[in-house]
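Coordinate inspection notes
What follows is the residue order along each chain.
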Amino acid sequence: MSSTKRWAKVAAVAAAAALALSACGGGAGNDAPDNTGDAGDNSGAPTGTLNLGVAYETTNYDPSTTSSALAMGTNWHVMEGLYEFDMATYEVYPALADGELKQVSDTEYEATLRADAKFSDGTDVTTDDYLESWARTTDPSSIYQQFFSMVDSVEAKDDSTLVFKLKYPFANLADRLVNVKVIPASSTQEEMTAFPIGTGPYKYESITDTAVEAVPNEHYNGSKPATVEKMHWDVLKDDSARLSAALGGTIDIMETVPSTLKSQVEGAGWTIQETPGYNNAFVMFNTSKEPFNNPEVRKAFHKAIDREKLVEQGLFGDAQVATSFLPEVNPAYKKTETQFDMDTEGAKATFADAGLSEVTLITTDHAWISNLIPQVKQDLEAAGLKVNVQSMASSDLYANYADVEDATYDVAIAPGDPSVFGQDPGIIIDWWYGDNVWTQQRTFWQSSDPENYQKLRDIVAEASQHEGDEANAKWGEAQDLIAENVPLFPLFHRTMITGVNEAKVKGFQGIGTTGLSALGVTVE
C-alpha cells in the first residue's frame with residue numbers, strides 16, 4: 001500500500017474532527033518589523049534556551065491535517081514549505097524553494113528545491129517528497145484542499161524542479177504554497193501526527209501533552225538558521241498558570257495575555273505587545289429555518305447588539321468593531337455599504353414583522369465568549385426576544401448541533417480565525433464561504449440562497465485572478481455582498497496580546513494570531 005493510501009485511511013477521521021472547529025490565527029500590519037532573522041544577522045552559534053508559555057494544546061502535529069494553534073506555532077520552526085510567511089508582516093520569502101516562483105505562462109509556474117536540502121534525519125529532500133506532501137495536503141479529507149482549487153496539476157520536471165499548472169490565472173500562488181509543508185514521502189500519517197520530521201532550522205526533540213522541545217537542525221542550510229540552543233513550549237491553557245509562569249520566571253514569552261492581566265505582566269517588568277488581528281466572535285444563522293432564511297432578520301440581530309459596548313466592557317477595548325467581514329488590518333479591507341449601528345427599535349420591528357419572539361442561542365464555552373453572552377442576551381431581549389442560551393464546548397456545538405442531519409439550531413456565537421493560513425482575502429472568505437461544510441451544513445446558505453452564494457463564488461474567483469487595485473475592487477464587492485446577507489458575520493476583530501521578557505528575549509515580534517513565531521529570536 002502506498003504511503004498516500006496509508007495516510008488517507010486515518011486522515012479522513014482527523015480532518016473531519018479538524019473541520020468541526022474554526023482555525024486559530026490573525027494578521028499583523030505590513031509595517032511590523034521583521035522577526036524571521038537571516039543568516040547574515042545570526043551568524044553565531046545558537047545559545048541559550050527560549051521558554052514559551054502557550055495557551056492551547058493538541059495531539060495532532062501533522063502539517064497536512066492540523067489547524068491547532070499549538071501545532072501550527074511549533075511547526076513554523078520545524079517544517080518548511082517552498083515558501084513561508086514572516087508572520088509579523090505576511091511577506092512571503094523562499095524557504096525550501098531556491099528563489100521566487102518562475103512564471104512560465106499565466107497558468108504555469110515552476111519552483112526549484114533548495115540545493116542540498118535535507119530533512120532533520122539527514123535524508124535528502126526530493127521532488128518525490130514534495131509530490132507526496134502535496135497529495136496529502138490536497139487530499140479530499142484535508143482541511144487544506146479548499147486552498148488549492150485553482151491548481152490543475154503538480155508534476156516533477158526533474159529531480160529538483162516542480163511544475164504547477166493552474167486551471168485559470170491566480171495571482172497569489174506562492175502565498176497558498178506556504179500551506180504545503182514538506183515531509184518525507186516514506187513517512188506515515190501516524191508518524192507525522194505524533195512527531196513530524198521537517199527541513200526547517202529546528203527539529204523536534206520531544207513532544208508530550210504538557211511540553212514541546214525543539215533543538216537546532218544540524219542539516220539545515222536555508223536562510224533562517226537556528227538562534228537558540230533549545231526552544232521549550234510549556235502548555236499552559238489556564239490564564240493564571242501562564243501568568244504564574246511569567247511572574248515566576250519559568251517562561252520568557254506569554255501567549256494570549258488576557259486584558260485583565262496586562263497590568264500584572266507589565267508590573268513584572270515585561271513588555272506587552274498588542275497586534276490587531278482577525279480573531280473574532282461570529283454570529284452564525286441556520287438559514288434553512290424560518291425566519292433566519294430572511295437576511296433582514298439576520299441583519300436585525302446585529303443591529304440589536306451594542307457591539308461598541310461588547311468591545312469596551314467584554315474585551316476591555318482590545319478589539320475593533322467589525323465594519324466588514326475582513327478586519328481593517330487586511331490590505332483588501334473595505335468598509336461595507338451595509339453597517340450595523342445599534343438600532344433596538346428597528347430590530348424590534350423587524351422581529352415582530354417576521355413573527356419572531358423567542359430564540360435559542362447556542363454558544364461555545366470559551367471564557368471570553370462567555371463574558372459576552374449576558375450583554376448579547378440583554379440586548380436581544382430589549383429588542384423583544386425571549387433568549388434561551390445554551391453554552392457548551394466548541395466540539396459539542398458542531399458535533400451535536402451544527403454538523404448533524406436536519407440541523408434545527410437557531411443562532412450560534414462562536415470564535416474563529418483562519419488567518420493562520422495567510423491573509424489572502426480568498427483564504428479568509430473561503431474558510432467560511434467556500435464550497436465546504438460551513439455553507440453546505442452549518443449555515444446552509446449554499447442551498448437556502450443559491451443565487452447569492454454563486455454570485456459570491458464568482459466574485460472571489462475573479463478577484464483571485466487580479467492584483468492591486470483591480471483585485472481590491474472585487475474583494476470590496478465580496479465584502480459588500482457578505483454584509484448584505486450575513487449568514488455568518490463577525491461582531492468584532494480582536495487584538496492579540498503577547499507578553500515578552502525583553503530583559504532576556506531579543507528580536508521577538510508579537511503577531512496577530514494564536515501561536516508564537518520566534519525565528520531569529522535570541523536570548524541573553
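Residues numbered from 1 in each chain as written. Predicted model: local features only at pLDDT ≥ 70, side-chain atom pairs only at ≥ 80, totals over all residues. Heavy atoms only, no water.

Across its full length, the chain holds 18 helices and 19 strands. Whereas a compact globule of 524 residues would reach a radius of gyration of roughly 24 Å, the chain reaches 23 Å, a difference of no more than 12%. Projected onto its principal axes, the C-alpha positions of the chain cover 70 × 55 × 45 Å. Across the 524 residues of the chain, 59% fall into the buried class. Pairs at least 24 apart in sequence give 73% of the contacts found in the chain among residues at least 6 apart. By element, 46% of the accessible surface of the chain is carried by carbon and sulfur atoms, the whole surface being about 19,500 Å². Charged side chains of the chain number 36 positive and 78 negative; the gap between the two group centres comes to 3 Å. (Helix = DSSP H or I, 4+ residues; strand = E, 2+ residues; numbered from the N terminus. Rg over C-alpha atoms; globule rule 2.2 N^0.38 Å. Buried < 20%, exposed > 50% of the residue type's maximum accessible area, 1.4 Å probe, protein only. Contact = heavy atoms within 4.5 Å. Areas by Shrake-Rupley, 256 points an atom, 1.4 Å probe, with all protein chains shown as cover. Lys, Arg positive; Asp, Glu negative; His and termini not counted. Charge placed at Lys NZ, Arg CZ, Asp CG, Glu CD.)

Here we come to helix 2 (residues 69-78). Burial of helix 2 is extensive: ten of the ten residues sit out of reach of the surface. Regarding helix 2, the residues found buried are Ala-69, Leu-70, Ala-71, Met-72, Gly-73, Thr-74, Asn-75, Trp-76, His-77 and Val-78. Residues of helix 2 that are buried in the fold lie against strand 1 (49-54), strand 8 (202-207), strand 9 (211-216) and strand 10 (230-235). The N-terminus of helix 2 is capped by Ser-68, whose side-chain oxygen sits 3.1 Å from the backbone nitrogen of Leu-70. (Polar contact = N/O pair within 3.5 Å; in protein donor to acceptor, adjacent residues only side chain to side chain.)

The topology assignment puts His-302 in helix 8 (residues 295-304). You can call His-302 buried: its relative accessible area is 0%. Between the alpha carbons of His-302 and Val-486 there is a distance of 9.1 Å; along the sequence they are 184 residues apart. Not counting residues within four places of it along the chain, the set of residues in contact with His-302 comprises Val-283, Phe-285, Arg-307, Phe-340, Val-486, Phe-489, Pro-490 and Leu-491.

For the chain, per-residue confidence averages 92 on the pLDDT scale, and 92% of positions sit at 70 or higher. In this model residues 1-22 is a low-confidence stretch, pLDDT under 50, and it forms 52 contacts with partners more than four residues away in sequence or in other chains. This model gives residues 24-42 a pLDDT under 50, and the stretch forms 78 contacts once residues within four places in sequence are excluded. (pLDDT = per-residue confidence, 0-100.)

A sheet is described by the order of its strands in space; here four strands give the open sequence 4-5-7-6, paired in antiparallel fashion. The two strands at the open ends of the sheet, each matched to only one other strand, are strand 4 (102-105) and strand 6 (151-156). In this sheet, neighbouring strand axes are inclined to one another by 20° on average, regardless of whether the strands run parallel or antiparallel. Of the pairings in the sheet, the one linking strand 4 to strand 5 (residues 108-112) comprises three bridges and is antiparallel in character. Each residue of the ladder has a partner; that of Ser-105, found in strand 5, is Glu-108. Relative to the sheet, helix 3 (residues 127-137) contacts strand 6 and strand 7 (161-166), its axis offset from that of strand 6 by approximately 155°. (Pairing = 2+ DSSP bridges. Axes fitted to C-alpha atoms, helices over the stretch in contact; angles between N-to-C directions.)

Bringing the layout of surface pockets into the picture now. Quantified by volume, the second largest pocket comes out at close to 540 Å³. Considering the residues around the second largest pocket, the lining is formed by 29 residues, among which Asn-172, Asp-175, Gln-423, Asp-424 and Glu-467 are closest to the centre. When residues of the lining of the second largest pocket are traced back to their parent elements, those giving at least two are strand 3 (91-94), helix 4 (173-177) and helix 18 (468-485). Take the lining of the second largest pocket: its biggest share by element is four residues, from helix 18. Of the residues that constitute the lining of the second largest pocket, the class distribution is 15 nonpolar, nine polar and five charged. (1 Å grid on protein atoms, 1.4 Å probe; cavity = no way out; pocket = protein on both sides within 12 Å on 5 of 7 lines; lining within 4 Å. Points joined across faces, edges and corners; volume = space filled by probe spheres on them. Nonpolar A, V, L, I, M, F, W, Y, C, P; charged D, E, K, R; others polar.)

What follows is about the pattern of salt bridges. Once their charged atoms are close, side chains differing in charge can pair, the charge on each being opposite to the other. Per the counting criterion, the structure on display carries 25 salt bridges. Lys-334 is paired through a salt bridge with Glu-337; the nearest N and O atoms lie 3.8 Å apart. Through salt bridges with shared partners, one network takes in Glu-205, Glu-213 and Lys-230. (Salt bridge = Lys/Arg side-chain N within 4 Å of Asp/Glu carboxyl O.)

Cis geometry is adopted by the peptide bond preceding Pro-291, which originates at Glu-290 and carries an omega value of -5°. Among the structural elements, Pro-291 can be located in the loop between strand 12 (271-285) and helix 8. One non-glycine residue, Thr-256, adopts positive backbone phi at about 50°. Structurally, Thr-256 is set in the loop between strand 11 (253-254) and helix 7 (262-267). Its identity is not glycine, yet Asp-406 carries a phi of approximately 55°, on the positive side. Inspection of the secondary structure assignment puts Asp-406 in the loop between helix 13 (394-402) and strand 16 (411-416).

Attention shifts here to the packing of helix 8 against helix 10 (residues 344-353). Packing of helix 8 against helix 10 leaves a shortest axis separation of 8 Å and a crossing angle of 150°. One way to sum up the angle between helix 8 and helix 10 is to call them roughly antiparallel. Seen from above, helix 8 lies across helix 10 with left-handed handedness. Here Glu-296, Val-297, Ala-300, Phe-301, Lys-303 and Ala-304 of helix 8 lie close against helix 10, whose contacting residues are Thr-344, Ala-347, Thr-350 and Phe-351. (Parallel < 35°, antiparallel > 145°, perpendicular 65-115°, else oblique. Left-handed = near helix turned anticlockwise from the far one by under 90°.)

Turning next to the side chain of Thr-65. Turning to its location among the elements, Thr-65 is positioned in the loop between strand 1 and helix 2. Taking relative accessible area as the criterion, Thr-65 reaches 1% and is therefore assigned buried. A distance of 3.0 Å separates a polar atom in the side chain of Thr-65 from a polar atom in the side chain of Asn-60. Separated by 3.1 Å, the side chains of Thr-65 and Asp-62 make a polar contact.

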